[in-house]
Amino acid sequence: MELWLRNIGLVSVVTVLLVLIQKAYRRLELLRVQECSYENSGVYAAAAKFAGGAAAGEVQELLAASFEFNRQEIERIVNWALPHRMEPDGGYDAFLQGVNRVLGKEVYRS
């Protein structure tokens, strides 16, 4: 009987430890995701328009509505992505890379 109770106690302690470790990993993952999740859907819309062949002025106006960029940064993004327009994706990836370059970290992914 004593051995049986000891085994139940050991299994209980191990189970509690595993649950606590799992919760800690979930919390760390949530914190990591929340750290860089302020994506703006307007940037993706501008990238899609850019890849679709819209004029640079139209794309700049879409980005101007965003709170993240000023006029100079918008021009840098568009100027950096323009040479990549002939790529198979129409420059969509290059546009998002330009946005990430201006922001200084990878926020937008294709």
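Here's a quick rundown of the structure.

Parameters at a glance
Residues numbered from 1 in each chain as written. Predicted model: local features only at pLDDT ≥ 70, side-chain atom pairs only at ≥ 80, totals over all residues. Heavy atoms only, no water. Axes fitted to C-alpha atoms, helices over the stretch in contact; angles between N-to-C directions. Helix = DSSP H or I, 4+ residues; strand = E, 2+ residues; numbered from the N terminus. Left-handed = near helix turned anticlockwise from the far one by under 90°. Contact = heavy atoms within 4.5 Å. Nonpolar A, V, L, I, M, F, W, Y, C, P; charged D, E, K, R; others polar. Phe/Tyr/Trp six-rings, centres within 6.5 Å; stacked < 30°, edge-to-face > 60°. Lys NZ or Arg CZ within 6 Å of the ring centre and 35° of its normal. Core = buried A, V, L, I, M, F, W, Y, C linked by side-chain atoms within 4.5 Å. Buried < 20%, exposed > 50% of the residue type's maximum accessible area, 1.4 Å probe, protein only. Parallel < 35°, antiparallel > 145°, perpendicular 65-115°, else oblique. Arc of directions from axis to C-beta. Polar contact = N/O pair within 3.5 Å; in protein donor to acceptor, adjacent residues only side chain to side chain.

1. Looking at the packing of helix α4 (residues 71-81) against helix α5 (residues 92-103)
Alright, step 1. At their nearest, the axes of α4 and α5 sit 8 Å apart, and the two run at 145° to each other. Crossing angle aside, the handedness with which α4 passes α5 is right-handed. On the side of α4, the interface is formed by Glu-73, Arg-76, Ile-77, Val-78, Trp-80 and Ala-81, while α5 contributes Ala-94, Phe-95, Gln-97, Gly-98, Val-99, Arg-101 and Val-102.
Alright, step 2. A class-by-class count of the residues in the contact of α4 with α5 yields eight nonpolar, two polar and three charged.

2. Some details on the packing of aromatic side chains
Alright, step 1. Tallied over the entire structure, the rule returns two aromatic pairs.
Alright, step 2. Taken together, a centroid distance of 5.4 Å and an interplanar angle of 75° make the contact between Tyr-44 and Tyr-108 edge-to-face. Highlighted residues: Tyr-44 in helix α2 (residues 41-51) and Tyr-108 in the segment after α5, separated in sequence by 64 residues.
Alright, step 3. The ring of Phe-50 has Arg-85 lying over it, and the distance from NZ or CZ to the ring centre is 4.2 Å.

3. Points about the environment of Phe-95
Alright, step 1. With respect to the element layout, Phe-95 can be found in helix α5.
Alright, step 2. Taking the C-alpha atoms as reference points, Phe-95 and Ser-110, 15 residues apart in sequence, are found 9.7 Å from one another.
Alright, step 3. Residues in contact with Phe-95, not counting those within four places in the same chain, are Val-43, Ala-46, Ala-47, Phe-50, Val-59, Leu-63, Ile-77, Val-78 and Ala-81.

4. Notes on the nonpolar core
Alright, step 1. If you look at the biggest cluster of nonpolar residues, it comprises 19 residues, and the most contacted ones within it are Leu-63, Phe-69 and Phe-95.
Alright, step 2. Looking at this core, the elements that each hand over two or more residues are α2, α3 (56-64), α4 and α5.
Alright, step 3. Per element, the largest residue contribution to this core is five residues, and it comes from α2.

5. Comments concerning the environment of Arg-71
Alright, step 1. Inspection of the secondary structure puts Arg-71 in helix α4.
Alright, step 2. Here Arg-71 falls in the partly exposed class, since its relative accessible area comes to 44%.
Alright, step 3. Arg-71 has contacts with Gln-60, Glu-61 and Ala-64, leaving out every residue within four places of it along the chain.

6. Overview of the side chain of Gln-60
Alright, step 1. Here Gln-60 is to be found in helix α3.
Alright, step 2. Apart from residues no more than four positions distant in its own chain, Gln-60 is found in contact with Arg-71, Ile-74, Glu-75 and Val-78.

7. Overview of the packing of α3 against α4
Alright, step 1. Across the interface, α3 lies against α4 with an axial gap of 10 Å and an inter-helix angle of 135°. On the basis of the axis angle, α3 is oblique to α4. α3 and α4 meet at a crossing whose hand is right-handed. Each of Ala-56, Val-59, Gln-60, Glu-61, Leu-63 and Ala-64 in α3 lies in contact with α4, whose residues at this interface are Arg-71, Ile-74, Glu-75, Ile-77 and Val-78.

8. Re α4
Alright, step 1. Where α4 is concerned, the buried positions are Ile-74, Ile-77, Val-78 and Ala-81. One side of α4 holds all its buried residues, which, seen down the axis, span an arc of 90°. Exposed side chains of α4 directed beyond 90 degrees from the buried face belong to Gln-72 and Asn-79.
Alright, step 2. Here the buried face of α4 lies against α2, α3 and α5.
Alright, step 3. At the N-terminal boundary of α4, the capping side chain belongs to Asn-70, with an oxygen 3.2 Å from the backbone nitrogen of Gln-72.

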